[in-house]
Amino acid sequence: MSAYSSDPDLDVTDSTGDGVEADVATNLLNGTVRLSVLWAQKIHLHPDDAERVAQSLLRAAEHGRHIAEARSSGADRSTGPGQ
């Protein structure tokens with residue numbers, strides 16, 4: 001089972017028709033964000049698709065930020081006074 005959760009709203013493929021896909025995923029354990037280009041080393045995007053990838057990265061960053069904050073809040077509680 002993967003710790004990463006891909007953005008289900010992102011469905012972007014290469015503008016040249018090569019079948020290359022972009023994937024944006026958030027690590028549910030630590031909040032890091034992964035941007036993957038699947039099946040190749042690069043991807044060519046139409047402007048609208050590039051904007052969708054950017055919006056997906058912003059959503060993932062916000063999600064990751066919440067995960068990281070919750071994780072650090074939990075760590076702060078365990079190291080508080082009297083611990």
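Scroll up a little and you will see the structure.
Because the structure is predicted, anything quoted here is derived from the model rather than measured.

1. Examining the overall build of the protein
Here is step 1 of the chain: Looking only at helices and strands, the protein has one helix and four strands in total.
Here is step 2 of the chain: Helices (α) and strands (β) of the protein occur, in sequence order from the N terminus, as β-β-β-β-α.
Here is step 3 of the chain: Per-residue burial over the protein gives 24% buried out of 83 residues.
Here is step 4 of the chain: In the protein, the proportion of contacts linking residues at least 24 apart, taken out of those at least 6 apart, comes to 49%.
Here is step 5 of the chain: When the accessible surface of the protein is totalled, it reaches about 5800 Å², and 52% of it is carbon and sulfur.

2. Observations concerning unusual backbone geometry
Here is step 1 of the chain: The phi dihedral of W39 is positive, around 80°, even though this residue is not glycine.
Here is step 2 of the chain: Along the chain, W39 falls in the loop between strand 4 (33-38) and helix 1 (47-78).
Here is step 3 of the chain: W39 gets classed as exposed once you look at its relative accessible area, which sits at 69%.

3. Re the packing of aromatic side chains
Here is step 1 of the chain: The final tally for this structure, using the stated rule, is zero aromatic pairs.
Here is step 2 of the chain: Positioned above the aromatic ring of Y4, the side-chain terminus of R34 is 4.3 Å from the ring centre.

4. Some details on the pairing of strand 3 (residues 21-27)
Two faces, one strand: in a regular strand the side chains alternate between the faces of the sheet.
Here is step 1 of the chain: Among the seven residues of strand 3, six are classified as buried, and the element is accordingly described as predominantly covered.
Here is step 2 of the chain: Examined bridge by bridge, strand 1 (residues 4-6) and strand 3 share three bridges and lie antiparallel to one another. Paired with S5 across the two strands is T26, which belongs to strand 3.
Here is step 3 of the chain: Sheet topology note: the strand 2 (residues 12-13)/strand 3 ladder contains two bridges and is antiparallel. Looking at the pairing, V12 lines up with A22 of strand 3.
Here is step 4 of the chain: Note: strand 3 against strand 4, six bridges, orientation antiparallel. Bridge pairing links D23 to S36 in strand 4.
Here is step 5 of the chain: Taken together, strand 3 and the strand that follows it, strand 4, pair antiparallel across an intervening segment of five residues, in which G31 is found at a positive phi of about 85°.

The rules behind these values
Residues numbered from 1 in each chain as written. Predicted model: local features only at pLDDT ≥ 70, side-chain atom pairs only at ≥ 80, totals over all residues. Heavy atoms only, no water. Helix = DSSP H or I, 4+ residues; strand = E, 2+ residues; numbered from the N terminus. Buried < 20%, exposed > 50% of the residue type's maximum accessible area, 1.4 Å probe, protein only. Contact = heavy atoms within 4.5 Å. Areas by Shrake-Rupley, 256 points an atom, 1.4 Å probe, with all protein chains shown as cover. Phe/Tyr/Trp six-rings, centres within 6.5 Å; stacked < 30°, edge-to-face > 60°. Lys NZ or Arg CZ within 6 Å of the ring centre and 35° of its normal. Pairing = 2+ DSSP bridges.

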